[in-house]
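Remarks on the overall topology
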Amino acid sequence: MWGGRFASGPAAMMEQINASIDFDKRLAPQDIAGSKAHALMLAKAGILTPDDANKICAGLETILAEILAGTFTFSRALEDVHMNVESRLKELIGEPAGRLHTARSRNDQVATDFKLYIRDWLDDTDGSLARLQYVLAVRAEEHAETIMPGFTHLQTAQPVTFGHHLLAYTEMFARDRGRFSDARKRLNECPLGAAALAGTSFPIDRKMTAESLGFARPTANSMDSVADRDFVLETLSSATISAVHLSRLAEEIVLWCTSEFAFIKLTDAFTTGSSIMPQKRNPDAAELVRAKIGRIAGAFQGFVMVMKGLPLAYSKDMQEDKEATFVALETLDLMLAAMTGMIADLTPNVENMRKSAMKGYSTATDLADWLVREAGVPFRDAHHITGRAVAAAEGLSVRLDELPLEALKQVDSRIDQRVFSVLSVDNSVASRVSTGGTAPQNVRKMAAAWIKRLEKEGFGG
């Protein structure tokens, strides 16, 4: 492609390090879409004849069909997806193929292709996240009254409901969807027509190209157009945060499946056995979801290091944007699918959850709140009094609600029989009616709102 300047071909090692076709061939559909839009724009601008544009578009359609059928042969000698497509186009239609590259460069071409690819991925992944939210909301509605311990520092803190716990992740994944949506809005500017870096002297219509490819507008600066990979970094950053959420939920599933917790059970569909211990049921799907964040966070950090010192405009370093990104985005897709399956599959052990919530003096805060509300005790004093009550219960090896009234009165004479109405886990949970609280009525309301919203978006049912 640059034979006029170079007298010989590249060394074998140069070809190996330089070629990107092994991974960027997956951009072929986007590359062909961009080329068709470019050809039609060139024809409208009078730069190509209508006949040449028609031949180009027909040839590109043939190439796309070959690629989809698996009959297209990609050549590493042609370096990348752009030259592979252009070379085959020349075989099909001859001289008009050479006119397609007028007023563009591989620099703006690849930026356009990759934006189109990531935009498609963002749209698909929004659906995957929404479907996971829906499953979480449905299970939350089912278990709006199922009591479990809430933890801080992985120590029993206060009783909550399983439905409330699941809705926490529904909120996390809503933020993930918001970040991806924001990333999509920012990337939705078309670089095509920026050419190598300086724009072009041809009278092209970049607005037409942008609109035909579904972009909101053309990019505003030709140098930024070819040098920008913020859309990759932002997508990988958002994917990393989403993977963090999935990894946290996966870790909880792993814990909940242990005999020590025994909060849930997964079926054979999402567990494996041991080659030596026949009794084992391992939550391997959850463990792998927990682990796979490394690929995504690694892709983000790796590409940050590529971009951090690059001068404007395009440098070959930027070819490193694709391979790890493809792996990262595919990994997040797999994590979402696996997690959606596990949430739908799991069966809570309601009785074990409830028994666990009754341990660890989880209603101690309810006693402190009662002292404040009923006896007018300042909260800091109530906190101290409650701590003494917990110590008394611990000394007798009983739960707080099993501590005799006489023992409570020895801690503080203002405590009376009414206090037992707040010391059960049921009453504790039911009392948390503040906005965002764990009360079953809140959980049912929020779960129903999420279900309605997601069904309206087309992701439920």
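Residues numbered from 1 in each chain as written. Predicted model: local features only at pLDDT ≥ 70, side-chain atom pairs only at ≥ 80, totals over all residues. Heavy atoms only, no water.

**Description of the environment of Leu-266**
- Within the fold, Leu-266 resides in the loop between strand S5 (264-265) and helix H11 (284-307).
- In sequence terms Leu-266 and Asp-113 are 153 residues apart; their C-alpha atoms lie 41 Å from each other.
- In this view, Leu-266 contacts Ile-253, Cys-257, Thr-271, Arg-281, Pro-283, Met-342, Asp-345 and Leu-346; residues no more than four positions away in its chain are not counted. (Helix = DSSP H or I, 4+ residues; strand = E, 2+ residues; numbered from the N terminus. Contact = heavy atoms within 4.5 Å.)

**Here's the deal with the packing of aromatic side chains**
- Taken as a whole, this structure holds 10 aromatic pairs when the rule is applied.
- Pairing Phe-114 with Phe-326 gives two aromatic rings, centres 5.8 Å apart and planes at 75 degrees, and the pair type is edge-to-face. Placement of Phe-114 in helix H6 (residues 106-142) and of Phe-326 in helix H12 (residues 323-345) is noted, with a sequence separation of 212 residues between them.
- Assessed through its relative accessible area of 0%, Phe-114 is described here as buried.
- Through a chain of ring-to-ring contacts, the aromatic side chains of Phe-114, Tyr-117, Phe-231 and Phe-326 assemble into a single cluster.
- Lying over the aromatic face of Phe-326, Arg-26 brings its terminal NZ or CZ to 4.3 Å of the ring centre. (Phe/Tyr/Trp six-rings, centres within 6.5 Å; stacked < 30°, edge-to-face > 60°. Buried < 20%, exposed > 50% of the residue type's maximum accessible area, 1.4 Å probe, protein only. Lys NZ or Arg CZ within 6 Å of the ring centre and 35° of its normal.)

**Considerations on unusual backbone geometry**
- In this structure, Ala-313 follows Leu-312 across a cis peptide bond, with omega equal to 10 degrees.
- Residue placement: Ala-313 occurs in the loop between H11 and H12.
- Phi is positive for Tyr-361, which is not a glycine, with a value near 55 degrees.
- Structurally, Tyr-361 is set in the loop between helix H13 (350-357) and helix H14 (364-375).
- Tyr-361 gets classed as partly exposed once you look at its relative accessible area, which sits at 22%.

**Structural notes on the nonpolar core**
- Leu-246, Ile-253, Leu-332, Met-339 and Ile-343 are the most contacted members of the largest nonpolar core, which has 67 residues in total.
- Of all the elements in the fold, those that place two or more residues in this core are H6, helix H7 (162-187), helix H10 (230-257), H11, H12 and helix H18 (440-457).
- With 13 residues, H6 is the largest single contributor of residues to this core.
- Non-local contacts of Met-339, meaning those with residues more than four positions away in its chain, are made with Leu-132, Leu-246, Leu-249, Ala-250, Ile-253 and Val-289.
- Counting residues in hydrophobic clusters, the runner-up holds 22 residues, among them Ala-28, Ala-39, Ala-53 and Ala-97. (Core = buried A, V, L, I, M, F, W, Y, C linked by side-chain atoms within 4.5 Å.)

**Section: the side chain of Ser-247**
- In this fold, Ser-247 is placed in helix H10.
- Among all residues touching Ser-247, those that are not within four sequence positions of it are Val-289, Arg-290 and Ile-293.

**A word on H18**
- With 18 residues, H18 extends 26 Å between its outermost C-alpha atoms, agreeing within 8% with the 26 Å of an ideal straight helix rising 1.5 Å per residue.
- Three or more residues of H18 are buried, namely Pro-440, Asn-442, Val-443, Ala-447, Trp-450, Ile-451 and Leu-454. In an axial view of H18, the angular spread of the buried residues amounts to 160 degrees, which keeps them on one side of the axis. Facing away from the buried surface of H18 by more than 90 degrees, the exposed residues are Gln-441, Lys-445, Lys-452 and Lys-456.
- Buried positions along H18 lie against H6, strand S2 (155-161), H7 and helix H17 (425-431).
- Downstream of H18 by one or two residues, Gly-458 has phi in the positive range, about 95 degrees. (Expected span 1.5 Å × (residues − 1). Arc of directions from axis to C-beta.)

**Description of the pattern of salt bridges**
- One pass over the full model with this rule turns up 32 salt bridges.
- Between Arg-139 and Glu-142 there is a salt bridge, and its shortest N-O distance comes to 2.8 Å. In this pair, Arg-139 and Glu-142 are both assigned in helix H6, 3 residues apart and thus about one turn of the helix distant.
- You can call Arg-139 buried: its relative accessible area is 11%.
- The residue Arg-418 makes a salt bridge to Asp-416 at a minimum N-O spacing of 2.9 Å.
- Overlapping salt bridges bring together Glu-79, Asp-80, Arg-106 and Lys-316 as one network. (Salt bridge = Lys/Arg side-chain N within 4 Å of Asp/Glu carboxyl O.)

This is a description of form; function is not addressed.
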